[in-house]
Amino acid sequence: MTSTRVCPLAELTDGKPVGVEVAGTPVVLVRRGERVHALRDECSHAEVALSEGEVGRDGIECWLHGACFDLGTGEPLTPPAMDPVDVYATSVRDGDVHVDVTTPINR
């Protein structure tokens, strides 16, 4: 696993999406407690940034058409999206968030 340090965990607010770039890949980070989810920051339906959407109980919702994606699997939970978004492995080490974008964990 080749991971990249992205930011301190303390900089992420629980339930608030944050868009970052990791090794040239757009990524949206979502903190839930001490866990951080990382997905490709691009809706599979409309190709807009998911980081501009909202996080609900079930996942992250695209701001443009309302498609919702599961944070753990990237699977679409609601239409109009039909295809999943990539999900990346994350870890928290020494208080910092690390993300591996080399191989999506849901593919």
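What you see is a predicted model, and the numbers here were worked out from it, not measured in a lab. Counting restarts for each chain: residues are numbered from 1 in the order of the written sequence. Thresholds applied to this predicted model are a pLDDT of at least 70 for local features of residues and 80 or more for the giving and counting of side-chain atom pairs; totals over whole chains, interfaces and linings are not thresholded and use all residues. Think of the side-chain values as coming from all heavy atoms in the structure, minus any hydrogens and water.

### Quick look at the UniProt feature "domain: Rieske" (unreviewed entry) in the protein chain
Here is the rule: UniProt positions are given in the numbering used here, feature names are shortened, and annotations may be inferred rather than shown by experiment. The way it works is that DSSP assigns letters per residue, a run of H or I at least four long becomes a helix, a run of E at least two long becomes a strand, and they are numbered from the N terminus.
Taken from the UniProt record, the annotation "domain: Rieske" (unreviewed entry) applies to residues 4–99. Helix and strand shares over residues 4–99 are 0% and 45% respectively, and the end C-alpha atoms of the span are 5 Å apart.

### Comments concerning the nonpolar core
Under the convention used in this document: Each nonpolar core is a collection of buried residues, namely Ala, Val, Leu, Ile, Met, Phe, Trp, Tyr and Cys, held together in the definition by side-chain atoms within 4.5 Å. We call a residue buried when its accessible area falls under 20% of the maximum for its residue type, exposed when it is over 50%, and partly exposed in between, using a 1.4 Å probe and counting protein chains only. By the convention used here, residues are in contact when the closest approach between their heavy atoms is within 4.5 Å.
Ranked by internal contacts, the top residues of the largest apolar core, which has 14 residues, are Val 28, Leu 39, Cys 43, Leu 50, Ile 60 and Phe 69. Setting aside its immediate chain neighbours within four residues, Ile 60 contacts Pro 17, Val 28, Val 30, Leu 50, Glu 54, Val 55, Ala 67, Cys 68, Phe 69 and Leu 71. Counting 13 residues, the second-largest nonpolar core is a separate cluster that includes Val 27, Leu 29, Val 36 and Val 99.

### Remarks on the environment of Ala 49
Mapped onto the elements, Ala 49 comes out in the loop between β4 (35–40) and β5 (54–55). Between the C-alpha atoms of Ala 49 and Val 30, which are 19 residues apart in sequence, the distance is 13 Å. Sequence-distant contacts of Ala 49, that is, excluding residues within four places in its chain, are made with Asp 41 and Trp 63.

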